[in-house]
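Listed here are the chains, written in short residue letters.
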Amino acid sequence: MQSPSPASTAILPLPASREGAFWPAIVALGVGGFAIGTGEFVIMGLLPEVARDLAVSIPDAGHVISAYALGVVIGAPLLAVLSAHWPRRTLLMALMALFAVGNLASAMAPGYVSLNLLRFVAGLPHGTYFGVAALVAASLAPPARRASAVGLVMCGLTSATLVGVPLAAWLGQHFGWRAAFVLVGAIAAVACALVLRHVPDMPADEGAGPMRELGALARPQVWLTLGIGAVGFGGMFAVFSYIKPLLTEVTGLQVSAVPIVLGLFGLGMFVGNLVGSWLADKSLTRTIAGLLAWNALVLLAVVFTAPHMVAIAFNVFLVGTIAAIAPALQIRLMDVAGDAQTLAAALNHSAFNTANALGAWLGGVAIASGLGWTSTGWVGALLALGGMAVFAASVWHDRRGRGALAAPGLA
């Protein structure tokens, strides 16, 4: 009898003891996601305080955001490959400990250069943590509920935009920006303890190692799926990166009311994450295709709703729901990666940070070209359509491969 491959063992029915550990483990993993989400987004609302304290301009202070994103992009594949043979719980704890140390050290950074370096360090474990957490969550869930399990872990990240970021921003405004990073480090430390207590001690797949993980990079479907996220998800960032000036300059919203609308974005992310993961469990391919079309419509609508206060507020909520595609792409990566699960799962977040950089850059180009703040909606819709093109290429490649296997002499 042929033994199952490492990739297939991740979705086989598990012993009752592991099934009973599902919810405590999901909560523990979600707290880690909450810490990471808070740490990633809170700095965006504290740039004036950082700039004033470090005696730099606000645009220069914004480089700490880029430093963190660069850490995510580099750290996800690097740490996933180097730690492929580590037991899952040990790896999750090490990653969360590194995140905690990076944030606590950021709070003590003496200057601008050191803060950038420490934000880079804090970003290193981001992608690998979510990738491994997704693998663990999917392995604890029934096969038909894998995407929902991944979505529940991602709820930690999306709920950070609703609770963690406002709380950390309040601390930063009243006690200094360094207090926000202390809070993030403390949450990460709690998450580390919860992972130790509630996540089952799961070994790495048999034969896992750096070379096997690097084999994921030889799979065209892995690159195509990453391309869907890097291009198709970029539309959300093209709009959201410039949402504040759009609301104040085009809609005429008072600056004091902007946080309320941004809260609707966070709520949209939370709802979209849950709905998207539920849909992905029903039909993964149709969900990805449908959500990319949804993204294009929602982002294009920004162009027309921006002048109207109620309409744009609802539209911002809908823009947040674009996060619905994240669990679906995570599961697709796990499915197409074969036995290189850890690297593929971690690279999903590298793709999303690439989308962040691409969307913000193209949106800025459109604005700088004199096309106006609403032009980001057109940019976002075009990026969503670009994601649909990459997805179509992925589906075509998949069907072509199946047809070749079914041909005479190849079956």
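The coordinates are above.
For the structure given in this document, a descriptive report is provided here. None of these values were measured; they are calculated from a predicted model.

Quick notes on the rules
- Residues numbered from 1 in each chain as written.
- Predicted model: local features only at pLDDT ≥ 70, side-chain atom pairs only at ≥ 80, totals over all residues.
- Heavy atoms only, no water.
- Helix = DSSP H or I, 4+ residues; strand = E, 2+ residues; numbered from the N terminus.
- Rg over C-alpha atoms; globule rule 2.2 N^0.38 Å.
- Buried < 20%, exposed > 50% of the residue type's maximum accessible area, 1.4 Å probe, protein only.
- Contact = heavy atoms within 4.5 Å.
- Areas by Shrake-Rupley, 256 points an atom, 1.4 Å probe, with all protein chains shown as cover.
- Lys, Arg positive; Asp, Glu negative; His and termini not counted.
- Charge placed at Lys NZ, Arg CZ, Asp CG, Glu CD.
- Expected span 1.5 Å × (residues − 1).
- Phe/Tyr/Trp six-rings, centres within 6.5 Å; stacked < 30°, edge-to-face > 60°.
- Polar contact = N/O pair within 3.5 Å; in protein donor to acceptor, adjacent residues only side chain to side chain.
- Patch = residues over 30% accessible without salt bridge, like charges linked within 9 Å, V, L, I, M, F, W, Y side chains within 5 Å.
- Salt bridge = Lys/Arg side-chain N within 4 Å of Asp/Glu carboxyl O.
- 1 Å grid on protein atoms, 1.4 Å probe; cavity = no way out; pocket = protein on both sides within 12 Å on 5 of 7 lines; lining within 4 Å.
- Points joined across faces, edges and corners; volume = space filled by probe spheres on them.
- Nonpolar A, V, L, I, M, F, W, Y, C, P; charged D, E, K, R; others polar.
- Axes fitted to C-alpha atoms, helices over the stretch in contact; angles between N-to-C directions.
- Parallel < 35°, antiparallel > 145°, perpendicular 65-115°, else oblique.
- Left-handed = near helix turned anticlockwise from the far one by under 90°.

1. A look at the overall build of the protein
- For the protein, the helix and strand inventory stands at 21 helices and 0 strands.
- Over its C-alpha trace the protein gives a radius of gyration of 21 Å, about what one expects of a compact globule, namely 22 Å for 411 residues.
- Taken along its principal axes, the extent of the C-alpha atoms in the protein is 70 × 45 × 35 Å.
- The buried share of the protein, taken over its 411 residues, is 55%.
- For the protein, restricting intrachain contacts to residue pairs at least 6 apart in sequence, the fraction spanning at least 24 positions comes to 83%.
- Element-wise, carbon and sulfur atoms account for 72% of the exposed surface of the protein, whose accessible area totals about 16900 Å².
- Distance between charge centroids for the protein: 6 Å, based on 18 positive and 14 negative side chains.

2. Considerations on helix 9 (residues 126-140)
- Compared with an ideal rise of 1.5 Å per residue, which puts 15 residues at 21 Å, helix 9 spans 21 Å between its outermost C-alpha atoms and is within 8% of the ideal.
- With respect to burial, helix 9 is a largely interior element, 15 of its 15 residues being buried.

3. Here's the deal with the packing of aromatic side chains
- Inspection of every chain in the model, using the stated rule, returns 9 aromatic pairs.
- With 5.8 Å between their ring centres and 80° between their planes, Tyr129 and Phe130 make a pair best called edge-to-face. Pair check on accessibility: Tyr129 and Phe130 agree, each one buried.
- When the ring of Phe314 is compared with that of Phe317, the centres are 6.1 Å apart and the planes differ by 25°; the resulting orientation is stacked. A residue pair is termed a helical-turn pair when its members lie 3 or 4 positions apart in one helix, as Phe314 and Phe317 do in helix 18 (residues 309-320) at 3 residues.

4. Observations regarding the side chain of Thr376
- Tracing the backbone shows Thr376 in helix 21 (residues 375-406).
- Overall, Thr376 belongs to the buried group, its relative accessible area being 0%.
- Among the polar contacts made by the side chain of Thr376, one reaches the main-chain carbonyl oxygen of Trp373 at a distance of 3.1 Å.
- If near-sequence neighbours (up to four positions away) are discounted, Thr376 is found in contact with Ala238, Val239, Tyr242, Leu246, Gly363 and Ile367.

5. A few points about a nonpolar patch on the surface
- Together, Leu70, Val73, Ile74, Leu78 and Leu82 line one region of the surface with nonpolar side chains, adding up to about 410 Å² of accessible area.
- Since its relative accessible area comes to 45%, Leu70 is described here as partly exposed.

6. Brief notes about the environment of Ala55
- The residue Ala55 is located in the loop between helix 4 (47-54) and helix 5 (58-61) in this model.
- Overall, the relative accessible area of 70% leaves Ala55 in the exposed class.
- For the pair Ala55 and Leu300, spaced 245 residues apart in sequence, the C-alpha separation works out to 39 Å.

7. Side note on the pattern of salt bridges
- According to the stated counting rule, one finds 3 salt bridges in the structure shown.
- Here Asp53 ties to Arg178 by a salt bridge, and the two come within 3.2 Å at their closest N and O atoms. Of this pair, Asp53 sits in helix 4 while Arg178 sits in helix 11 (residues 177-198), placing them 125 residues apart in sequence.
- For Arg178, a relative accessible area of 26% corresponds to the partly exposed category.
- Where Asp335 meets Arg146, a salt bridge forms, and the shortest distance between an N and an O atom there is 3.1 Å. One end of the pair, Asp335, is in helix 19 (residues 325-336); the other, Arg146, is in helix 10 (residues 146-175), and 189 residues separate them in sequence.
- Overall, the relative accessible area of 41% leaves Asp335 in the partly exposed class.

8. Focus on the environment of Tyr242
- Note that Tyr242 resides in the loop between helix 14 (234-240) and helix 15 (243-251).
- Along the sequence, Tyr242 and Ala160 sit 82 residues apart, while their C-alpha atoms lie 20 Å from each other.
- Not counting residues up to four positions away in its chain, the partners in contact with Tyr242 are Ala360, Gly363, Gly364, Ile367, Trp373 and Thr376.

9. Let's talk about the side chain of Ser277
- Looking at the secondary structure, you find Ser277 in helix 16 (residues 258-282).
- For Ser277, a relative accessible area of 3% gives the class buried.
- Only 2.9 Å separates the side chain of Ser277 from the backbone oxygen of Leu274, close enough to count as a polar contact.
- Not counting the four nearest positions on each side in its chain, Ser277 is found in contact with Ala147, Ser148, Gly151, Ala324 and Pro327.

10. Some points on empty space enclosed by the protein
- As enumerated under the stated definition, the model contains 1 cavity of 30 Å³ or more in all.
- Considered as a void within the structure, the largest cavity measures approximately 30 Å³ in volume.
- Taken together, Phe130, Ala134, Val150, Val153, Met154 and Gln330 form the lining of the largest cavity.
- Broken down by secondary-structure element, the contributors of at least two residues to the lining of the largest cavity are helix 9 and helix 10.
- Take the lining of the largest cavity: its biggest share by element is 3 residues, from helix 10.
- Across the lining of the largest cavity, the residue classes tally to 5 nonpolar, 1 polar and no charged.

11. Let's talk about the packing of helix 9 against helix 10
- Interhelical geometry of helix 9 versus helix 10 gives an angle of 140° and a closest axis separation of 8 Å. Looking at the two axes, helix 9 sits oblique to helix 10. Helix-helix and strand crossings are classified by hand; for helix 9 and helix 10 the assignment is right-handed. Counting all contacts with helix 9, which are made through Phe130, Ala133, Ala134, Ala137 and Ala138, the residues of helix 10 involved are Arg146, Ala149, Val150, Val153, Met154 and Leu157.
- Partitioning the contact of helix 9 with helix 10 into residue classes produces 10 nonpolar, no polar and 1 charged.

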